[in-house]
Amino acid sequence: VSKGQLEMYHKYVEEDFVPPKPDRNEQPPKKNQGVTQKNPTTNLKKLVDSGLLDEGQKLYFRHNGRRISDFTVTIFDGKLLWRNKRYSMSKLAGLALDGLGLDGESVRGPLFWYTDNGDSIKELWEEYLHKQSASNTASRGFNQVGKVT
């Protein structure tokens, strides 16, 4: 028991002490208040469907700016195809990092996969989300300045 808890206990046992009543007008904190909303998980299938990537396109694992040729993969049905097995981006990035003698336990896969022309999957996903956000705003009847049309 802490010193502060003991002091509160002593106040409660005194006869003239009345604990403060909660303010009924005070609003409870809103759900997720102060918490930034997490972006949706990167989805290769959506990137292919949107035309930012192609089915069958090669992707390359990069670490510290170096392409690791052992981990050249193909986009196949929303996953990475490597050595005739399908993997998530994070799982295969973890295996690649393990192979380099690094910790591959908790990996944000899209950070490590790149197209032949150097576009990162992470950046392509951010571009996709931005386009989706812009099209959702336009479809709700807002113009470019954010005013209702």
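The residue numbers shown here count from 1 along each chain, following its written sequence. In keeping with the predicted nature of the model, local features appear solely for residues at pLDDT of at least 70, side-chain atom pairs appear and are counted solely at 80 or more, and the whole-chain, interface and lining totals rest on all residues. Only heavy atoms go into the side-chain values, all of them from the structure, while hydrogens and water stay out.

Caption draft 1: A look at the sheet that holds strand β5 (residues 113–114). The strand order across the open sheet formed by five strands is β4-β3-β2-β1-β5, and the pairing between neighbours is antiparallel. Across the chains shown, the open sheet's two edge strands, defined by having one partner strand only, are β4 (85–87) and β5. What makes two strands pair is DSSP finding at least two bridges between them. Here a helix means four or more residues in a row that DSSP labels H or I, a strand means two or more in a row labelled E, and each is numbered from the N terminus.

Caption draft 2: Local environment of the side chain of H63. Take H63: it is sitting in strand β1 (residues 58–63). What makes H63 buried here is its relative accessible area of 18%. Each residue gets one of three labels from its accessible area relative to the maximum for its type: buried under 20%, exposed over 50%, partly exposed in between, using a 1.4 Å probe on protein chains only.

Caption draft 3: Broad picture of the nonpolar core. What we call a nonpolar core is a set of buried Ala, Val, Leu, Ile, Met, Phe, Trp, Tyr and Cys residues that are connected through their side-chain atoms within 4.5 Å. Core analysis: the largest hydrophobic core is formed by 27 residues, its most contacted members being L47, L53, L59, F61, W113 and I121. Sorting the residues of this core by element identifies α2 (44–49), β1, β2 (66–76), β3 (79–82), α3 (89–99) and α4 (121–139) as the ones contributing at least two each. Residues are treated as being in contact if the distance between any of their heavy atoms lies within 4.5 Å. Once residues within four sequence positions are removed from consideration, W113 is found in contact with L59, Y60, F61, F71, V73, L80, M89, L92, A93, D119, S120 and I121.

Caption draft 4: Representation of the side chain of T115. Assignment of secondary structure puts T115 in the loop between β5 and α4. According to the relative accessible area criterion, T115 is buried, its value standing at 4%. Beyond its immediate sequence surroundings of up to four residues, T115 is in contact with L53, Q57, K58, L59, Y60 and L124.

Caption draft 5: Examining the environment of D77 more closely. If you trace the backbone, D77 turns up in the loop between β2 and β3. Residue classification places D77 among the partly exposed positions, given a relative accessible area of 37%. Through-space distance from the C-alpha of D77 to that of G56 is 8.7 Å; in sequence the pair is 21 residues apart. If sequence neighbours within four positions are ignored, D77 has contacts with K45, E55 and R86. Here the side chain of D77 touches K45 through a polar contact of 3.5 Å, side chain to side chain. N or O atoms within 3.5 Å of each other form a polar contact, as long as, within protein, one can give a hydrogen and the other can take it, and as long as residues adjacent in sequence are counted only when both atoms are side-chain atoms.

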